[in-house]
Amino acid sequence: MRLFVGSCFTLLLAAAIGLGATWLTLSHGIAFGSLTIGAWTAWPKNGSVDIDPYARATIARTGELPIGAGDGLAFYAHTDDAGNTFDGRCTFTISGMTPAARYWTVTLYDPEGRLVANKIDRHGFTSAEIVRDSSGRFAINVGPRARPGNWLPTGGVEQFVLVWRLYDTPIGLASLTSKEGPMPAIVRKGCS
Amino acid sequence: MKRLPLWLLGALLLGGIVHLSTVLAMPQAATQDAYSRLARLTPVNKVVPLPPPDARAAIMPFMDPAFAAAVCRYDLSSGALKLNAPVSQAYTSVTFYTRNSVAYYAINDRAAGRRAIELDLMTPEQHAQMPEDEDVTAADRLIIESPTTTGLIVLRALAPEPGAMEKARSSLAGARCGVEVQAQQ
């Protein structure tokens, strides 16, 4: 009797531990070999056959197609440089330098990867269309209310994600260990 | 209850096995992966333009809205596939994915170095069966081996500003993919 109870208890606990760990790792998007610059993180291996089993399982679940290593590299940011989570009711500014690439795009999504509805139908910028100052620098205002210059509307959502994609860039697997950068700085300006 | 630590250890070990096997099985078990989503919308071995993502709907999460995209959902079981994609003015890329969304090859317009990206896609077996003399004449043909018989080719053309989207779309509209007709020479 004791053996039976023990086995049942063990099997149930094993199932709970195993499935719980799977759910936790996949919903948090755990992947190895990340490249972090400031608030931005990229997973260069996700665009190649060296993608790890966790990332494979994650993209199979979300339906995403990762950007190929010969195409470009995508950096994700969920917080600003100070670690404040992106809240669509707050204003953030993105400014600074970008790594070498033929083109880049920056796009705002909700945490599930959907574009966010807004009045001006603006979901991001490309390196070709962004307004720069005379020295070639740019600043992007990410926030719920209209701003002069490069305004990226948040639509007032509770949480958002920024994705910075570099196309035709030398950064990738080869330069994983070297000190790369710089990526644009993200600073929170205030919340309404 | 002296055996409790032993039972717990057993549960932990078994739990680890359950965890690893579910993670490894996920790509095979997924019903909402990119291929399954596109299988409902696209015919096989044909380039089909994808509707641009917007706030109401998108076929896949995290699509770049600055790009026009088209997909060729391929099946190599009846033969090798030829792909021809004219390059747009700004930036064009072609990415190859296995049935389970692994990006195994990607090329952009600059790497292709021509006015069009031209490739032959085949399984390793089909590549091995290629006549040798054909291999020589095919020196300037780019041959890609697909690890799986089915998969996705995603073509993307950048619209540097929203006004250029029509141009990017029309350049992708000229792209073709199809199974090679076996010509006996």
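Every value quoted in this text rests on a predicted model; they were computed, and no experiment measured them. (Residues numbered from 1 in each chain as written. Chains lettered and ligands numbered in written order. Predicted model: local features only at pLDDT ≥ 70, side-chain atom pairs only at ≥ 80, totals over all residues.)

**A few points about the overall build of chain A**
Counted only if it meets this: Here a strand is any run of E in DSSP of at least two residues, a helix any run of H or I of at least four, and the numbering for each starts at the N terminus. In this scheme the burial state of a residue depends on its C-beta neighbours within 10 Å: 20 or more other such atoms mean buried, 12 or fewer mean exposed, and anything in between means partly exposed; the C-beta positions come from the backbone. Throughout, a pair of residues is in contact if the C-beta atoms placed from their backbones lie within 7 Å.
In terms of regular secondary structure, chain A is built from 2 helices and 10 strands. Along its sequence from the N terminus, chain A presents helices and strands in the succession α-β-β-α-β-β-β-β-β-β-β-β. On the principal axes, the C-alpha backbone points of chain A span a range of 80 × 40 × 25 Å. In chain A, which comprises 192 residues, the share counted as buried stands at 38%. Intrachain contacts of chain A at a sequence separation of at least 6 include 70% that bridge at least 24 residues.

**A look at the pairing of strand S5 (residues 103–108) of chain B**
All names here are of chain B. In plain terms, the rule: The pairing criterion is simple: DSSP has to find at least two bridges between the two strands.
A large share of S5 lies buried, amounting to 6 of its 6 residues. By the bridge criterion, 5 bridges tie strand S4 (residues 92–98) to S5 in an arrangement that is antiparallel. Note on S5: the bridge partner recorded for Ser-93 is Asn-108. Where S4 folds back onto S5 in an antiparallel hairpin, the turn is made up of 4 residues, including Ser-101, whose phi is positive at roughly 70 degrees.

**A short note on the domain arrangement of chain A**
Short version of the rule: Residue ranges labeled as domains rest on an automatic or database domain assignment.
Here chain A is described as being made up of domain 1 (1–30) and domain 2 (34–191). Once you take the C-alpha centre of each, domain 1 of chain A and domain 2 of chain A turn out to be 36 Å apart.

**A few points about the sheet that holds strand S6 (residues 116–122) of chain B**
Residues and elements named next belong to chain B. What counts, and what does not: To get an axis, a line is fitted to the C-alpha atoms, and for a helix only the part in contact is used. The angle between two axes follows their N-to-C directions and goes from 0 to 180 degrees.
If you walk across this open sheet you meet the 4 strands as S7-S6-S3-S9, and the pairing is mixed. Each having just a single partner strand, strand S7 (142–145) and strand S9 (176–179) make up the two edges of the open sheet. For this sheet the average axis-to-axis angle between neighbouring strands, irrespective of direction, equals 20 degrees.

**Quick notes on the interface of chain A and chain B**
Each partner contributes to the interface: chain A provides 51 residues, whereas chain B provides 50 residues. Ranked by the residues each element gives to the side of chain A that touches chain B, the list is headed by helix H1 (residues 2–27) of chain A, at 11 residues.

**Notes on the nonpolar core**
Operational definition: Note on definitions: a nonpolar core is a set of buried residues drawn from Ala, Val, Leu, Ile, Met, Phe, Trp, Tyr and Cys, linked by C-beta atoms within 7 Å.
By size, the foremost hydrophobic cluster in this structure holds 90 residues, and its most contacted members are Ala-69, Val-71, Ile-153 and Leu-155 of chain B. Counting residues per element, this core draws most heavily on strand S2 (residues 67–75) of chain B, which supplies 7 residues.

**Quick notes on H1 of chain A**
Basically, it comes down to this: Expected span of a helix: the number of residues minus one, times 1.5 Å.
Counted at 1.5 Å a residue, the expected span for H1 of chain A with its 26 residues is 38 Å, and the 37 Å between its end C-alpha atoms agrees. By the burial criterion, the buried members of H1 of chain A are Thr-10, Ala-14, Gly-18 and Thr-22 of chain A. Elements in contact with the buried residues of H1 of chain A: helix H1 (4–29) of chain B.

**So, the packing of H1 of chain A against H1 of chain B**
Let me state the cut-off plainly: Note that the term roughly parallel is reserved for angles under 35 degrees, roughly antiparallel for angles over 145, roughly perpendicular for angles of 65 to 115, and oblique for everything else. Here a crossing is taken to be left-handed if its near helix is turned anticlockwise relative to the far helix by less than a right angle, and right-handed if that turn runs clockwise. Ten residues, namely Ala, Val, Leu, Ile, Met, Phe, Trp, Tyr, Cys and Pro, are considered nonpolar, four, namely Asp, Glu, Lys and Arg, are considered charged, and the remaining ones, Gly among them, are considered polar.
H1 of chain B packs onto H1 of chain A with a crossing angle of 40 degrees between their chain directions and a minimal axis gap of 7 Å. Judged by the inter-axis angle, H1 of chain A sits oblique to H1 of chain B. Remark: the crossing between H1 of chain A and H1 of chain B carries right-handed chirality. Residue-level inspection shows Gly-6, Phe-9, Thr-10, Leu-13, Ala-14, Ala-15, Ile-17, Gly-18, Leu-19, Ala-21 and Thr-22 of chain A of H1 of chain A in contact with H1 of chain B, the latter providing Trp-7, Gly-10, Ala-11, Leu-12, Leu-14, Gly-15, Gly-16, Ile-17, Val-18, His-19, Thr-22 and Val-23 of chain B. Residue composition of the contact of H1 of chain A with H1 of chain B, by class: 14 nonpolar, 9 polar and no charged.

**A closer look at the packing of helix H2 (residues 53–62) of chain A against H1 of chain B**
Relative to each other, H2 of chain A and H1 of chain B sit at 40 degrees, their axes nearing to 8 Å. For the element pair H2 of chain A / H1 of chain B, the angle class is oblique. When the axes of H2 of chain A and H1 of chain B are compared, the crossing they make is left-handed. Of the residues in H1 of chain B, those touching H2 of chain A at Pro-53, Tyr-54, Arg-56, Ala-57, Ala-60 and Arg-61 of chain A are Val-23, Leu-24, Met-26 and Pro-27 of chain B. Of the residues contributing to the contact of H2 of chain A with H1 of chain B, the split by class is 8 nonpolar, no polar and 2 charged.

**What about the domain arrangement of chain B?**
You can read the domains of chain B as domain 1 (1–29) and domain 2 (34–179). One C-alpha centre belongs to domain 1 of chain B, the other to domain 2 of chain B, and the line joining them spans 41 Å.

**Details of the environment of Val-116 of chain A**
Its place among the elements puts Val-116 of chain A in the loop between strand S5 (103–109) and strand S6 (124–126). Here Val-116 of chain A falls in the buried class, since 20 other C-beta atoms lie within 10 Å of it. Sequence spacing of Val-116 of chain A and Ile-171 of chain A is 55 residues, and the spatial spacing of their C-alpha atoms is 29 Å. Excluding its chain neighbours within four sequence positions, the residues that come into contact with Val-116 of chain A are Leu-108, Tyr-109, Asp-110, Thr-154, Gly-155, Val-157 and Phe-160 of chain A together with Ala-55 of chain B.

**Notes on the environment of Gly-47 of chain A**
Residue position: Gly-47 of chain A is located in the loop between strand S2 (40–42) and H2. Gly-47 of chain A sits 25 residues away from Gly-72 of chain A along the chain, and the two C-alpha atoms are 8.5 Å apart. Every residue in contact with Gly-47 of chain A, bar those within four places of it in the chain, is listed here: Pro-66, Ile-67, Gly-68 and Ala-69 of chain A together with Ala-103 of chain B.

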